[in-house]
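# Working through the structure, step by step
The residues making up each chain are set out below.
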Number of protein chains: 2
Amino acid sequence: MARQSGTKEVTKTSLLEAGACIMVTKGYNNTGIQEVLEATGVPKGSFYYYFDSKEDFATQIIDHFDTAQTEKLKLFLEDRKLNPLERLKAYCNAGRKALKENQCRNGCLVGNLSQEMSDQSEVLRAKLEEVLSRWRGRFAQCIKEGQDAKLISSKFDHNMMAEFFQSGWHGAIMRAKTTKNTVPLDAFMTLMFDSVLKP
Amino acid sequence: MARQSGTKEVTKTSLLEAGACIMVTKGYNNTGIQEVLEATGVPKGSFYYYFDSKEDFATQIIDHFDTAQTEKLKLFLEDRKLNPLERLKAYCNAGRKALKENQCRNGCLVGNLSQEMSDQSEVLRAKLEEVLSRWRGRFAQCIKEGQDAKLISSKFDHNMMAEFFQSGWHGAIMRAKTTKNTVPLDAFMTLMFDSVLKP
């Protein structure tokens, strides 16, 4: 039984990861279940054993991506070897590096889906907002710590700054996909760190 | 002949406007030509008289949208009754009002398509970049005038500030679609006008 449920877990994970991989490039509407099945070698019947619908599949892909992304956020934003300002910079530098290595393709799965699906599926919009709101809370906490340590300007509320940081970062990633260079990310980092966050 | 070409122009414009209307909500991939034909009552053969393909249709939709948006940008950013800083604020206030009246739905057609299509069509990516780059130039010009008038900080290059302004604004619109409120736009405007642009 343990072995069987282990295999099931592997199958489900491979569907989620193949789905995320295709969806981050092609979007929700342009991703076919058939394509995911072909990429994983999983039969159609099995897909519907794990997922009620394509919408349910995308919801679980977002959760799966959230788990990995939350680990990444913790790694950077709770790194006690760095001060809060350095942590935010390290997060941006890592994102910039990853995007550059990927020729500024794809961007962020959650950003992409929030742009595409917020008006098309209330289920996905609510899930995306839940995830983005939690991520923003982590930025807000880090900014608050920076404010308390007098490393970040206290002129504005940390939650508002986190909202600005998050939407600006997602906007810069979106722009970089279209410019196909890191200029928008560089502008974001310069103005964010040398102006907005500066005490 | 004049009358015939006038009718043709009307038909083409109605296809472009119906296409823009559907595409801004559903995205490129989820918009069917059939749906556009049904919305306009234009027969399929006529569609292919005006457009070579769906990609060509989207390219011309972007051009059509660009014409209207450029008029709007001129209206706000070249309004000599206001100083350059007030012009940027008026532009943002109008965008915020329009988004709010539309229950934070749809957002910007060009922003949506750049998120969805930049990795899926080099033709559309290049067109979107051409348009966005031109719009950014208008923001840069207004920021430069504000810097010259000592109303906007000259600490950073006006082109970099325009890039930050544009990507931050698009990011805030994208976030507002998911939060379904104007909080991301409010955070953008507060931090942009009370911090980044402040002399």
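Each value, and the rule that gives it
- Residues numbered from 1 in each chain as written.
- Chains lettered and ligands numbered in written order.
- Predicted model: local features only at pLDDT ≥ 70, side-chain atom pairs only at ≥ 80, totals over all residues.
- Heavy atoms only, no water.
- Helix = DSSP H or I, 4+ residues; strand = E, 2+ residues; numbered from the N terminus.
- Buried < 20%, exposed > 50% of the residue type's maximum accessible area, 1.4 Å probe, protein only.
- Contact = heavy atoms within 4.5 Å.
- Buried area = accessible area lost by both parts, 1.4 Å probe.
- Salt bridge = Lys/Arg side-chain N within 4 Å of Asp/Glu carboxyl O.
- Polar contact = N/O pair within 3.5 Å; in protein donor to acceptor, adjacent residues only side chain to side chain.
- Expected span 1.5 Å × (residues − 1).
- Least-squares fit on C-alpha atoms with pLDDT ≥ 70 in both.

What follows deals with the overall build of chain A. Of regular secondary structure, chain A possesses nine helices and zero strands. Its helices and strands taken in sequence order, chain A reads α-α-α-α-α-α-α-α-α from the N to the C terminus. Dimensions of chain A, computed from the C-alpha atoms along their principal axes, are close to 60 × 40 × 30 Å. Expressed as a percentage of its 199 residues, the buried residues of chain A come to 52%.

We now examine the interface of chain B and chain A. In this assembly, 49 residues from chain B lie in contact with 49 residues from chain A. A combined buried area of about 4,200 Å² lies between chain B and chain A, and 58% of that area is made up of carbon and sulfur atoms. In this structure, lysine 180 of chain B engages aspartate 119 of chain A in a salt bridge whose closest nitrogen and oxygen atoms are separated by 2.6 Å. Applying the counting rule to chain B against chain A returns 22 residue pairs in polar contact (both at pLDDT 80 or more). If you list the elements that add at least two residues to the side of chain B that touches chain A, you get helix 1 (2–26), helix 6 (109–117), helix 7 (122–148), helix 8 (158–179) and helix 9 (183–196) of chain B. Here the side of chain B that touches chain A gets 15 residues from one element, more than from any other, and that element is helix 8 of chain B.

As a further point, take the environment of alanine 172 of chain B. Among the secondary structure elements, alanine 172 of chain B is positioned in helix 8. For alanine 172 of chain B, a relative accessible area of 0% corresponds to the buried category. Residues alanine 172 of chain B and leucine 85 of chain B lie 87 residues apart in sequence; the distance between their C-alpha atoms is 19 Å. The residues touching alanine 172 of chain B, leaving out its near neighbours within four places in the chain, are Ser167 of chain A together with Pro184, Leu185 and Phe188 of chain B.

In this model helix 7 of chain B runs 38 Å from its N-terminal to its C-terminal C-alpha over 27 residues, within 8% of the 39 Å that 1.5 Å per residue would give. Just downstream of helix 7 of chain B lies lysine 150 of chain B, where phi reads positive at about 60 degrees.

As a further point, take the pattern of salt bridges. Inspection of every chain in the model, using the stated rule, returns 36 salt bridges over all chains. In this structure, the salt-bridge partner of lysine 26 of chain A is glutamate 35 of chain A, at a minimum N-O distance of 2.8 Å. For lysine 26 of chain A, a relative accessible area of 23% translates into the label partly exposed. Glutamate 129 of chain A is paired through a salt bridge with arginine 175 of chain B; the nearest N and O atoms lie 3.2 Å apart. Highlighted residues: glutamate 129 of chain A in helix 7 (residues 122–148) and arginine 175 of chain B in helix 8, drawn from two different chains.

Between the two copies, chain B and chain A, the superposition gives an RMSD of 0.0 Å; the rotation angle is 180 degrees and the shift along the axis is 0.0 Å. Here the transformation between the copies is reduced to the relation of a two-fold axis.

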